[in-house]
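# Structure assessment
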Amino acid sequence: MPSEPTFPQRVEEARVYLLERLHAEPEVLLVLGTGLGHLAGMIEDPLLVPYDAIPHFPRTTVTGHHGNLLFGRLRGRQVAIMQGRFHYYEGYSAQTLTMPIRVLSLLGARELVVSNAAGGLNPAFEPGTLMLINDHLNFIPDNPLRGPNIDAWGPRFPDLSTAYDRGLLARARACARRLELDRLAEGVYVAIPGPSLETPAETRYLRHCGADAVGMSTVPEVIVARHAGMRVLGVAVVSNVNDPDNFKPILLDEIIRESEACAARLERLLLEFLRDE
Ligand code: HPA
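Residues numbered from 1 in each chain as written. Predicted model: local features only at pLDDT ≥ 70, side-chain atom pairs only at ≥ 80, totals over all residues. Heavy atoms only, no water.

### Quick look at the packing of helix α4 (residues 166–179) against helix α7 (residues 252–275)
Helix-helix packing is described using two parameters, namely the angle between the two axes and the distance between the axes. Defined as follows: The convention used is that axes are lines fitted to C-alpha atoms, helices contributing only their stretch in contact, and that angles between N-to-C directions extend from 0 to 180 degrees. A run of DSSP states H or I qualifies as a helix once it reaches four residues; a run of E qualifies as a strand once it reaches two. Both are numbered from the N-terminal end. To sort the angles, those under 35 degrees are grouped as roughly parallel, those over 145 as roughly antiparallel, those from 65 to 115 as roughly perpendicular, and the leftovers as oblique. Crossings are sorted by hand: turned counterclockwise from the far helix by less than a right angle, the near helix makes the crossing left-handed, and turned clockwise it makes it right-handed. The contact criterion used throughout is that any non-hydrogen atoms of two residues lie within 4.5 Å.
Packing of α4 against α7 leaves a shortest axis separation of 9 Å and a crossing angle of 120°. In terms of axis orientation, α4 runs oblique to α7. For α4 against α7, the interelement crossing comes out right-handed. Residue-level contacts link Leu168, Arg171, Ala172, Cys175, Ala176, Arg178 and Leu179 of α4 to Arg268, Leu269, Glu272 and Phe273 of α7.

### Things to note about the site of the ligand
Let me state the cut-off plainly: By convention in these notes, a residue is near a molecule or strand provided one of its non-hydrogen atoms lies within 4 Å of it. Whenever two N or O atoms come within 3.5 Å, that pair is a polar contact, provided that in protein one can donate a hydrogen and the other can accept it, and provided that, for residues adjacent in sequence, both atoms are side-chain atoms. Surface exposure here means Shrake-Rupley accessible area, sampled with a 1.4 Å probe, where a residue is shielded only by the protein chains that are shown. Throughout, the ten residues Ala, Val, Leu, Ile, Met, Phe, Trp, Tyr, Cys and Pro are labelled nonpolar, Asp, Glu, Lys and Arg are labelled charged, and all others, Gly among them, are labelled polar.
The environment of the ligand is formed by Ala117, Ala118, Gly119, Leu197, Glu198, Val214, Gly215, Ser239, Asn240, Asn242, Ile250 and Ile255. One of the backbone N or O atoms of glycine 119 is found 3.3 Å from a nitrogen atom in the ligand. One nitrogen or oxygen atom from the side chain of asparagine 240 is found 2.8 Å from a nitrogen atom belonging to the ligand. When the ligand sits alone it has 260 Å² of accessible area, and the protein chains cover 95% of it. Residue composition of the shell around the ligand, grouped by class: six nonpolar, five polar and one charged.

### Focus on the nonpolar core
Which entries qualify depends on this criterion: For our purposes a nonpolar core is just a set of buried Ala, Val, Leu, Ile, Met, Phe, Trp, Tyr and Cys residues, chained together by side-chain atoms within 4.5 Å. For every residue, the accessible area (1.4 Å probe, protein chains only) is compared with the maximum for its type, and the residue is labelled buried under 20%, exposed over 50%, or partly exposed between those bounds.
Membership of the largest hydrophobic core comes to 51 residues, with the highest contact counts inside it found for Leu18, Leu29, Leu69, Phe71, Ile101, Val103 and Leu112. The next biggest cluster of nonpolar side chains, apart from the first, holds 30 residues, and it includes Ile81, Leu130, Leu169 and Leu271.

### Some words on unusual backbone geometry
Proline 195 follows glycine 194 through a cis peptide bond whose omega is 0°. Along the chain, proline 195 turns up in the loop between β7 (184–191) and α5 (200–208). The backbone phi angle of histidine 56 is positive, close to 70°, even though this residue is not glycine. Along the chain, the position of histidine 56 falls in the loop between β2 (44–50) and β3 (68–74). Phi is positive for glutamate 180, which is not a glycine, with a value near 55°. Mapping glutamate 180 onto the fold places it in the loop between α4 and β7. Accessibility expressed as a relative area gives 70% for glutamate 180, which makes it exposed.

What follows is the structure, encoded as C-alpha cells:
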C-alpha cells in the first residue's frame, strides 16, 4: 500500500494543480469571512476553482461559507480570493486549515488581506464597527507551525512583533479617511477554538486579556502568512457586541445578517485599498 503523502507533498500537489491552471501569478490573497464573500463577484475574467477539485484541499462545512478559489484582476491587481475558509472547530488541525495560505504563498502571493466576522469586546464598539486588526492573541490550542519546520518555507521561530504590517495599516487608515467611512476602529483580535460561543465570564476574561474583538479564525492564517514572509492586513467586522454584565444570546443568523449588512462598507474599503498601491 502506498503511504499517505506528507504535508509538504500535499502542498506541492495542490500548488502544481493550481499552477497548471493559472494565467498569472497572484500578488494579493484575500480571505473573505462569514457573510463577506461578495467581492469575488467583481473580479474581471475570473478563474473559479472549487476547493473540492484541488488535490488534498480541505472542504468547507460551514453555513455562510462558499468553497471556491477565484483568480483574476481586481482594481488592477492580480488577486486570489478565498471564498470561504476553514476553522479549527470543524475538526481541522491548524496546519491543515491554513494549507491554502501556504499554497498561495508558494504560488507567489506576497500580501494577505484577511477579513472575518467577530464579536465586539470593546464597549466603544457597536454592531457594524470595522476593526483594523493591529495585534492578536492566539487562544486556539494549536499552532500551524507545530512539527518539523520546512526551512525553505520560513524560519523555525518566526517573529510576530509586527504581525499586522504597519505600512498596510497606514494605507488602510488613509483609505478609510478618504472614503469617510464611519464606525472604523483598531484593536486586538483574539482567536478562540469555538464552536461554542463565549460565556459572560469568558467575555469578561477576554476583555481583561486586552482583546477588543473575538472570533474563531484568522490567527492561524496570519501565523502562516508571516512565516512565509507575506505582509498582512486584517479587518474584523464586528457583528455583535458582548457585554458581560448585560449578556444577550449570540445567534448565528444575526452574525450573518449584520456582516452582510456591513459587506458593502468593507468592500469599498478593500477596493480602495487594492487600488491605492
Ligand atoms: N464570538 C465569537 N465569534 C464570533 C462572534 C462572537 O461573539 N461574533 C461573530 N463571530
